[in-house]
Amino acid sequence: MSTSVAQYPDLAGRGVLITGGGSGIGAALTTAFAAQGARVAFIDIAVEESRALAEALSATSQHPVHFIEADLSDVAAAQGAVNEAAERLGRLDVLVNNAARDDRHDLETVTDSYWDENLAVNLKPVFFAAQAAVPHMRAQGGGAIVNFSSIAFMLNMGELPAYATAKAGILGLTKSLAGRLGPDNIRVNAILPGMIVTERQRRLWLTDQSIAAMIERQCLKRMLVAEDLAGPTLFLASSASAAMTAQWIIVDGGIL
Ligand SMILES: NC(=O)c1ccc[n+]([C@@H]2O[C@H](COP(=O)([O-])OP(=O)(O)OC[C@H]3O[C@@H](n4cnc5c(N)ncnc54)[C@H](O)[C@@H]3O)[C@@H](O)[C@H]2O)c1
């Protein structure tokens, strides 16, 4: 079902950090970068599955895969984890801002603190992880940042206003960071997944009917899975996209 992934020789030996790399799409990205021969670390709060993933990949990959436990909504913890990753990897060339929480919430019941907590997970760490990563990338003479947005903010979905705000904001942030960091040879791009059927999505929101309905809206008549994000992310991280910055790629099977 999932596609095979190209090798990008320039990614071998690179230092790659993935936020939320312990499960879902992030786990597929962690696995894909490790398979490129990159030095990989990931930050997550899901301890059990993250430990298991790091252990399994370390046993089969060229380099050990490092799990760093941190809550990204805590700026000091997030930035400490980025610095720890750079230290453990020996270099930091690629940052993938993937972590998020797509909780549903209702217009009538969202409070001041709920709003802040939601954006503290879904938007704030994208900026502060980048801020911490930049000095390490500058020391390497460049780098690539890939930010995960979502097509959800373009589908007029009424049940996730804070999440939609964060995901739209990530595109503005991507362009601003790209403008600021281009002179340092640091490229900043974004990916907008469509409906990707992960374990969490299935457990919380998706039914066989809603999956079938979304496939009906897609041009491609198959279910999209986490591994479908590997190819576009590797491409944006690698020198294959060396002249691309301030851009985004939609990976939705053709909904938009
Ligand atoms: N699955 C989809 O259909 C879909 C669609 C559009 C966009 N996306 C985006 O793709 C990315 C990955 O989505 P996913 O479905 O794999 O999500 P997921 O919820 O399955 O995984 C997110 C990961 O981030 C981690 N995480 C969450 N909050 C954290 C925190 N505060 N600190 C540290 N780690 C934290 C989780 O433990 C998990 O491992 C997200 O940015 C999401 O918005 C997903």
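Residues numbered from 1 in each chain as written. Predicted model: local features only at pLDDT ≥ 70, side-chain atom pairs only at ≥ 80, totals over all residues. Heavy atoms only, no water.

Peer 1: How should the overall build of the protein chain be read in this particular structure?
Peer 2: Looking only at helices and strands, one finds nine helices and seven strands in the protein chain. By the compact-globule yardstick of 18 Å for 256 residues, the protein chain fits well, its C-alpha radius of gyration being 17 Å. Expressed as lengths along the three principal axes of its C-alpha atoms, the size of the protein chain is roughly 45 × 40 × 40 Å. A burial count over the protein chain gives 52% of its 256 residues as buried. (Helix = DSSP H or I, 4+ residues; strand = E, 2+ residues; numbered from the N terminus. Rg over C-alpha atoms; globule rule 2.2 N^0.38 Å. Buried < 20%, exposed > 50% of the residue type's maximum accessible area, 1.4 Å probe, protein only.)

Peer 1: Sorry if this is basic, but what is going on with the sheet that holds strand β4 (residues 94-97) here?
Peer 2: Pairing between the strands of a sheet is mediated by backbone hydrogen bonds and can be parallel or antiparallel. Taken together, seven strands build an open sheet; the order of strands is β3-β2-β1-β4-β5-β6-β7 and the sheet is parallel. Unpaired on one side and paired on the other, β3 (66-69) and β7 (248-251) mark the two borders of the sheet. Between one strand and the next, the sheet's axes are offset by a mean angle of 20 degrees, whatever the strand orientation. Here β4 pairs with strand β5 (residues 143-148) via four bridges, running parallel. Note that in β5 the partner of Asn97 across the bridge is Asn147. (Pairing = 2+ DSSP bridges. Axes fitted to C-alpha atoms, helices over the stretch in contact; angles between N-to-C directions.)

Peer 1: Could you clarify how one ought to interpret the pattern of salt bridges in this entry?
Peer 2: Where side chains of opposite charge bring their charged atoms close, a pairing between them can arise. Within the structure shown, the criterion is met by ten salt bridges. For Asp103, the salt bridge goes to Arg101, with nearest N and O atoms at 2.8 Å. Of the residues examined, Asp103 reaches a relative accessible area of 19% and is grouped as buried. Among the ionic contacts, a cluster of salt bridges with common partners joins Arg101, Asp102, Asp103, Arg104 and Arg200. (Salt bridge = Lys/Arg side-chain N within 4 Å of Asp/Glu carboxyl O.)

Peer 1: Teacher, can you tell me more about the site of the ligand here?
Peer 2: Taken together, 25 residues lie near the ligand, and Ser23, Ile25, Asp44, Asn98 and Tyr163 sit nearest. Contact distances for the ligand include 2.7 Å between an oxygen atom and a side-chain N or O atom of Ser23. Here an oxygen atom of the ligand and a backbone polar atom of Ile196 are 2.8 Å apart. Against a free-state accessible area of 830 Å², the protein chains account for coverage of 93% of the ligand. Secondary-structure elements contributing two or more residues to the shell around the ligand are α1 (24-35), α6 (161-181) and α7 (199-204). Among the residues forming the shell around the ligand, the class breakdown is 13 nonpolar, eight polar and four charged. (Near = heavy atom within 4 Å. Polar contact = N/O pair within 3.5 Å; in protein donor to acceptor, adjacent residues only side chain to side chain. Areas by Shrake-Rupley, 256 points an atom, 1.4 Å probe, with all protein chains shown as cover. Nonpolar A, V, L, I, M, F, W, Y, C, P; charged D, E, K, R; others polar.)

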